[in-house]
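Survey of secondary and tertiary structure
These are the residues of each chain, in order.
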Amino acid sequence: MSMIATRESFGRALEELGAENDKVVVLDADLFNSTKTEYFKEKFPERFINLGIAEADMIGTAAGLSTCGKIPYATTFAAFATGRVYDQIRTSIAYPKLNVKICATHAGITVGEDGATHQMLEDINLMRGLPNMVVISTADDVETKWAVKEIAKYNGPVYLRLSRYKVPIIYDNETKFEIGKGIQIGDGKDATVFATGVTVEEALKAKEISSTEGIDIRVVDIHTIKPIDKELIIKCAKETKKLISVEDHNIIGGLGSAISEVLTDNYPKKLVRMGIEDTFGRSGRAEDLMKYYGIDSNAIIEEIK
Amino acid sequence: MKITKIEALEKIANRIRMDIITEIYYAKSGHPGGSLSIADILAVLYFNEMNINEKMPENELRDRLVLSKGHASAALYAALAEKGYFSKEELLTFRNINSNLQGHPDMTKVKGVDMSTGSLGQGLSVANGMALASKMDSMGYRVYCILGDGELDEGQVWEAAMTASKFKLDNLCAIVDCNGLQLTGNTDEIKGLNIEDIEHKFRSFGFNTITINGNDIFSIINAFGVADMTKDKPSVILAKTVKGKGISFMEKDVNWHGKAPNDVEYKKALDELVERDKEIDKRMEGNN
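From a predicted model like this one, the values you see are computed outputs, not experimental measurements.

We now examine the confidence of the model for chain B. When pLDDT is averaged across chain B, the result is 96; 98% of the residues are at 70 or more. Scoring the predicted complex yields pTM 0.97 and, for the interface, ipTM 0.96.

Residues and elements named next belong to chain A. Relative to the helices and strands, Ser297 resides in helix H13 (residues 297–304). Relative accessible area serves as the criterion here: at 8%, Ser297 is assigned to the buried category. Contact partners of Ser297, with chain neighbours within four places excluded, come to Glu202, Lys205 and Ala206.

Residues and elements named next belong to chain A. Across the sheet, which stays open at both edges, the five strands sit in the order S9-S11-S10-S13-S14 with mixed pairing between neighbours. Only two strands of the sheet have a single neighbouring strand rather than two, namely strand S9 (183–185) and strand S14 (272–276). Recorded for the sheet is a direction-independent mean angle of 20° between the axes of neighbouring strands. As paired strands, strand S10 (residues 191–195) and strand S13 (residues 242–250) are joined by five bridges and run parallel to one another. Directly across from Thr192, in S13, lies its bridge partner Leu243. Helix H9 (residues 199–211) contacts S9, S10, strand S11 (217–221) and S13 of the sheet and is inclined by roughly 170° relative to S11. With respect to the sheet, H13 is in contact with S10, S11, S13 and S14, its orientation differing from that of S13 by roughly 155°.

With that settled, the discussion passes to the packing of aromatic side chains. Summed over all chains, the structure comprises 14 aromatic pairs over all chains. Summarising the aromatic geometry, the rings of A:Phe77 and A:Phe80 are spaced 6.2 Å apart at their centres and angled 25° between planes, so their arrangement reads as stacked. Assessed through its relative accessible area of 7%, A:Phe77 is described here as buried. Under the relative-accessibility criterion, A:Phe80 is labelled buried at 19%. In textbook terms, an aromatic cluster arises when at least three aromatic residues are bridged by ring pairs, as seen for B:Trp158, B:Phe202, B:Phe205 and B:Phe207. Geometry around A:Tyr39 places A:Arg12 over its ring, the cationic atom sitting 3.5 Å from the centre.

The rules behind these values
- Residues numbered from 1 in each chain as written.
- Chains lettered and ligands numbered in written order.
- Predicted model: local features only at pLDDT ≥ 70, side-chain atom pairs only at ≥ 80, totals over all residues.
- Heavy atoms only, no water.
- pLDDT = per-residue confidence, 0-100.
- Helix = DSSP H or I, 4+ residues; strand = E, 2+ residues; numbered from the N terminus.
- Buried < 20%, exposed > 50% of the residue type's maximum accessible area, 1.4 Å probe, protein only.
- Contact = heavy atoms within 4.5 Å.
- Pairing = 2+ DSSP bridges.
- Axes fitted to C-alpha atoms, helices over the stretch in contact; angles between N-to-C directions.
- Phe/Tyr/Trp six-rings, centres within 6.5 Å; stacked < 30°, edge-to-face > 60°.
- Lys NZ or Arg CZ within 6 Å of the ring centre and 35° of its normal.

Take a look at the structure:
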């Protein structure tokens, strides 16, 4: 099975998008070989801007470009694309609702060996708390390529969360995606596992293994965390016995919190929130870290039982 | 009566000052000191320098202005109203609930405001983005960015200064309102910033630097002329100004950074500005 990190899919999709839309410009804070904007850079050097290790400046420059009709994709690691520049995003992008796409690679503990400073676990929380911001977190190559192109058609600020962890291809090319609509995989009634980004694959593995034990679950890929798919969440709450969310993010403020808000308002029901338990990450191999922090398929299976 | 350009602009700057003080008086809050100090710069920008048309505020070929020191919103709104982007009556709604004239400029609410600002240090990066877009598409428009001298405490300004220089943004002109004061005191005492030092810093960052009296219309016009002619590097005008300029009891007094005048103070301020207007008229008569 071919494995591909969503940062790689992002880089390839951006290269294609560059050919399709000449308004697209790409900004990078001196990480283009890691964020994979290097493919765009090679094809369209005149529309590629490396701001150096200056993320705040990058966000502001993207804002300025967008006021003049450009569609800027500003990219760096999630830690520096959100926490470091929260106020720049808030004041210069979200408040004026500018057409800037903040594309953050290296989200979550699955960054691995670089450790806590580079493992952004609070970015969903920060970005979904901003008015006007759309928050998307993709699970595989097909979904990522769709998202990269789809957000160019939407006029407004978007945060796209990407990973360096390699994942298999989940979706076929015929899959229909829509911003704000989750994807239900299977219709098991024993439990719903809501997942996003790298945990979608873990949830699918858990689904397969638990089915051999006679437990029939469904997986819901919440690729758009804001605006979230309320109807689908309420439907699953009504149809399944147990509700679980799993994310490579702090359990405070991320996917689990967003689902909890929908349930509280509409259909109060217990949700087991799996994620990083309000702590910082640590160095290690991505697989080992997912096991250590309890967000891998085994941990999900344990929770389903 | 012969109206020379200088004196016409002086009268406009004076009207901007009247409107600034009126806005803040009606709102019972706002930032008079740093608004009054840039009135002359705005008069020259909007009525002499910038290629803009108030009838076509969205024209993609227009010159842009980013008021990075967004707390001087009262001055920006006064200049826009004077230019005709919206009515002067609207100025009386400044900072009120339901008003488009927010405490700090909101580009989504007010025609002619090219960027929302308020959190200091961000405007020069935004102006760079606009200047880059102009160059990418060979549009030829210029971008102006007004910063406070206290604002230069913010590190992002210097990230942006490197970018402007690296990309040879000669269509960018920054203006630093060097009034020497920030909220709690003197810029030099707080973070070691005086006008000579600021000039050295920008020069070492690759800017063409132009130091002038920023409350003198003639000097401002000439400074923009020099900036317009400069090639392959960005320009910065170090505009030496007086905080609270034009209203005697507000001048050089840090206490007028962010408070509104009371009834008596408002009347006194307007009286002084009316006197100033008469002086300009007399000078114009004399020129006849």
